[in-house]
Amino acid sequence: MMTLNTLLFKEVNILPELFLGISIVYLVLHCTFLSMQKSFPLIQNSVLNLGILVLFFVWFLLINDRLDVLSFGSFNNTIVFDYVSFSSKTIITILSALCLLMMSQYLTDQKLNHFEYILLILLAILGLFLLCSSNDLITAYLAIELQSLAFYVLAAFKKNSTFSVESGVKYFILGAFSSSLFLFGSSILYGISGTVNFEEFRDLFFYVVPGETVNPVTDVSTTFSEISKKIMSPNFLVTGLNSSEINALIAECKEFTDPSSICVYEKFFAYHTLYITIMDNLSGSYDAKLINNLIDSGKGITVTDLPHYVSMNEAHLELQAHKPDDSTSSNVFRLTWMYLDTIMEYLKSSKCTGFDESYQKNFILNKTSVDIGLLQVGLVLILISLFFKLAIAPFHVWAPDVYEGSPSSSSFFFSVVPKLGIFVLLLKIFHYSFFGMIDYWRHFISIVIVLTILAGSFGGLEQRKVKSLLAYSSISHMGYSLIAFSTGTLEGIQMLFCYLIIYSFSGLCVWSIFIILRLKNNYESKGNKDLTDLVLLSKSNRMLAIFFATVLLSVAGFPPMIGFLVKINIFLSSMESAMYFVALISILCSVVATFYYIRIIKVLFFEKVLVGQLYYPLNTQKSLLIVGLFFSLLFLFVNPSLLFLFSYKLSLLVNPI
């Protein structure tokens, strides 16, 4: 029996992560035993090829995973498997495999003959997988730490370079600070709600209307309070309640009761029918027998269930004794008020079977008032910690130095792969769990967006190093992604996925061209390139220069590449959400940032020099990959339907209601 349970364990959905983790352990053993046999074995290419093979099998396991349901949780609901996590992990796997293929020659040239380098990249990928599948704050924190610790070592991996060691230390200190902010914010949220699970956060806070305190029963009674004011109007006998107001009452009762508690709805509809009948009889013949039949019709309305039944019955008897006219208006007011008040009192104190548990689950905040200010502080701390990871201004100061000092292969991986995983976590927290608090964090993010786009656009103007320039480009593009994230609309989430996918593959193409260019000079160990190193690229390899220039224009937002379409849709989604100032600033800064992309193109094709750097020829494998990436981006501009449909499906499943 135990063997059968072991074979049929439901956590089989985590098989890609399990396979990747076990493969890393086997690679450690393989490389350790292989290194013990020789003093300095050339092990780098072997481990890199094995790493690519492991990622291929992980991708195979991912695409063969059965997604019979939209969401499936395991490990006490700390890990969730849904279409969003599946898609993001698939994209991360493809990007990581392509990164490893592109950096193979660079690692050989830089003499980074250490098998630990590839293993750290695989560990970072495992952390990103767990981050995309995490369903609570603790799992998300551990996943972030797993990939961050790998990144710190990757940044400082070139031990004979003081720049690399400095960038690793700087990255580590600021990363530890951001992790502490994440833990502090998580502890505040746990202290308020008693949970760290995203689904439970959603149950507690998704429908909360922002205010000074959170009290679901009183906050959601807006319709009742508005109708009660209407009841006290002198013209109420003439106007009554229209069908939309009655439907609003029914909807609120349905929304805040357990669907299994049918008796709640039956009693509500009984009162609804009673109210409509009385209001209809005010202007015509009063049928007292019909009212009595409604009250005693077996709907389950009893004195014990409804505390105000006696008062309501007294008002009904007064209506029986007096023909309705202007003199009986006060009785009608009282009857209608008691009708509404009875519904609210019943929802608070109902003893229906199955209602007590749902009441404790859905209305737990009714027992304790919560300070929204404290909740806001916790969310802002988590937001700032994730902004450190994304290099969002004003938390971006580490990015140019770390990108410039780290080995180019590490900077390549930092820039391309982890952004999607961090944004998936942001969507889970701020769109899936705390969407009701959007009015609080949207204003904060709007300020951050403006600062980020300004820093990324103007900071890159003075850069002469290609890696620093690409770092500032990454900062500005994270600002554009935040615009789509902060809209809070379905179109905004769709454009966020579109932008992240296109940014990742465009960045992969740009960094691939950067990293495979090998200068013919006496400084073969030079990994960083100045803009002047690109002077003769159009002479030595004209097609590669054309590809480089066209992809840069796509990143800048020029047609005929897909970057133009996704960027213009970002601006449209922000204007649809009335973020006109943010849209205006981002459009102007996009024009400013175009300058340093055009400057690279000017250096490539129009620089008047007599002497420049020459390059080694490219091998066939990398040439085919570059051509494939370029024409994929070009094809998506001609026919973007595939990308838009894929991102639309993702946006629908981010927040299933």
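None of the values given here were measured: they were computed from a predicted structure.

A. Broad picture of the overall build of the protein. When helices and strands are tallied, the protein shows 31 helices and four strands. Pairs at least 24 residues apart make up 80% of the contacts formed inside the protein by residues separated by at least 6 positions. Only carbon and sulfur atoms are counted for the fraction: they give 65% of the accessible area of the protein, which is about 28,600 Å².

B. Main features of the environment of Y597. Tracing the backbone through its elements, the reader meets Y597 in helix α29 (residues 580-605). C-alpha separation for the pair Y597 and S554, spaced 43 residues apart in sequence, amounts to 9.9 Å. If we skip the residues at most four places from it in the chain, Y597 touches S473, H477, L552, V555 and A556.

C. Quick look at the packing of helix α19 (residues 372-390) against helix α23 (residues 438-459). In contact at an axis separation of 10 Å, α19 and α23 are set at 35° when each is read in the N-to-C sense. Crossing of α19 over α23 shows right-handed handedness. Listed contacts from α23 to I372, Q376, V380, L383, I384 and F387 of α19 are Y440, F444, I445 and V448. Here the residues of the contact of α19 with α23 sort into nine nonpolar, one polar and no charged.

D. A look at the packing of aromatic side chains. Under the counting rule described, the total for this entry stands at 31 aromatic pairs. Arranged with centres 6.3 Å apart and planes meeting at 55°, the rings of F605 and F606 form a pair that is tilted. The class of F606 is exposed, set by a relative accessible area of 58%. One aromatic cluster in this structure is built from F151, Y152, Y171, F172, W398, F413 and F414. Sitting over the face of the ring of Y83, K649 holds its NZ or CZ atom 4.1 Å from the ring centroid.

E. The arrangement of the packing of helix α2 (residues 15-37) against helix α6 (residues 115-133) in detail. Look at α2 against α6: their axes get within 10 Å of each other, and the N-to-C directions meet at 170°. Here α2 lies roughly antiparallel to α6, going by the angle between them. Across the interface between the two elements, E17, L20, G21, I24, L27, V28, C31, T32 and S35 from α2 touch F115, L119, L122, L123, I125, L126, F129, L130 and S133 from α6.

F. Molecular detail of the pattern of salt bridges. What the rule picks out here adds up to three salt bridges. One salt bridge in this structure joins E17 and K89, with 2.7 Å as the shortest N-O distance. With E17 in helix α2 and K89 in helix α4 (residues 83-102), the pair connects residues that are 72 residues apart, well separated along the chain. There is no split in this pair, since E17 and K89 are both buried.

G. Region of interest: unusual backbone geometry. The omega torsion of the bond from A393 to P394 falls at 0°, within 30 degrees of zero and hence cis. With respect to the helices, strands and loops of the structure, P394 is situated in the loop between α19 and α20 (398-405). The backbone phi angle of A391 is positive, close to 60°, even though this residue is not glycine. In this fold, A391 is placed in the loop between α19 and α20.

H. Fine view of a nonpolar patch on the surface. There is a patch of nonpolar side chains on the surface, built from L15, L18, I22, V25, Y26, L29, F33 and M36 and spanning about 830 Å² of accessible area. Tracing the backbone through its elements, the reader meets I22 in helix α2.

I. Structural detail: the confidence of the model for the protein. A residue-level look at the protein finds 69% of positions with pLDDT of 70 or above and a mean pLDDT of 77. This model gives residues 254-267 a pLDDT under 50, and the stretch forms 31 contacts once residues within four places in sequence are excluded.

J. Representation of helix α25 (residues 490-516) within the structure. Over its 27 residues, α25 extends 39 Å from the first C-alpha to the last, a length consistent with the 39 Å expected when each residue adds 1.5 Å. Counting buried residues in α25 gives 25 out of 27 residues, a clear majority hidden from the surface.

K. How the structure looks around the side chain of H396. Along the chain, H396 turns up in the loop between α19 and α20. For H396, a relative accessible area of 14% puts it in the buried group. Not counting chain neighbours up to four residues away, the residues in contact with H396 comprise A391, A455 and I475.

L. Structural context of the side chain of S409. The topology assignment puts S409 in helix α21 (residues 408-416). Judged by its relative accessible area of 0%, S409 is buried. Not counting chain neighbours up to four residues away, the residues in contact with S409 comprise M103, Y106, L107, Y117 and I515.

M. Main features of the environment of Y596. Positionally, Y596 belongs in helix α29. Look at Y596 and you get buried, because its relative accessible area is 0%. C-alpha separation for the pair Y596 and A556, spaced 40 residues apart in sequence, amounts to 9.4 Å.

N. Representation of helix α24 (residues 466-486) in the model. When the terminal C-alpha atoms of α24 are compared, their 30 Å separation across 21 residues agrees well with the 30 Å that a helix rising 1.5 Å per residue should span. Summarising burial for α24: 21 of the 21 residues are buried, a large majority. G488, located one to two residues past α24, shows a positive phi value of around 75°.

O. Seen up close, the environment of D136. Its place among the elements puts D136 in the loop between α6 and α7 (137-155). Along the chain, D136 and F198 lie 62 residues apart, while their C-alpha atoms are 5.3 Å from each other. Those residues within four positions of D136 in sequence are excluded, and the remaining contacts are T78, V196, N197 and F198. Reaching out from D136, the side chain makes a polar contact with the side chain of T139 at a distance of 2.5 Å.

Cut-offs used in this document
- Residues numbered from 1 in each chain as written.
- Predicted model: local features only at pLDDT ≥ 70, side-chain atom pairs only at ≥ 80, totals over all residues.
- Heavy atoms only, no water.
- Helix = DSSP H or I, 4+ residues; strand = E, 2+ residues; numbered from the N terminus.
- Contact = heavy atoms within 4.5 Å.
- Areas by Shrake-Rupley, 256 points an atom, 1.4 Å probe, with all protein chains shown as cover.
- Axes fitted to C-alpha atoms, helices over the stretch in contact; angles between N-to-C directions.
- Left-handed = near helix turned anticlockwise from the far one by under 90°.
- Nonpolar A, V, L, I, M, F, W, Y, C, P; charged D, E, K, R; others polar.
- Phe/Tyr/Trp six-rings, centres within 6.5 Å; stacked < 30°, edge-to-face > 60°.
- Buried < 20%, exposed > 50% of the residue type's maximum accessible area, 1.4 Å probe, protein only.
- Lys NZ or Arg CZ within 6 Å of the ring centre and 35° of its normal.
- Parallel < 35°, antiparallel > 145°, perpendicular 65-115°, else oblique.
- Salt bridge = Lys/Arg side-chain N within 4 Å of Asp/Glu carboxyl O.
- Patch = residues over 30% accessible without salt bridge, like charges linked within 9 Å, V, L, I, M, F, W, Y side chains within 5 Å.
- pLDDT = per-residue confidence, 0-100.
- Expected span 1.5 Å × (residues − 1).
- Polar contact = N/O pair within 3.5 Å; in protein donor to acceptor, adjacent residues only side chain to side chain.

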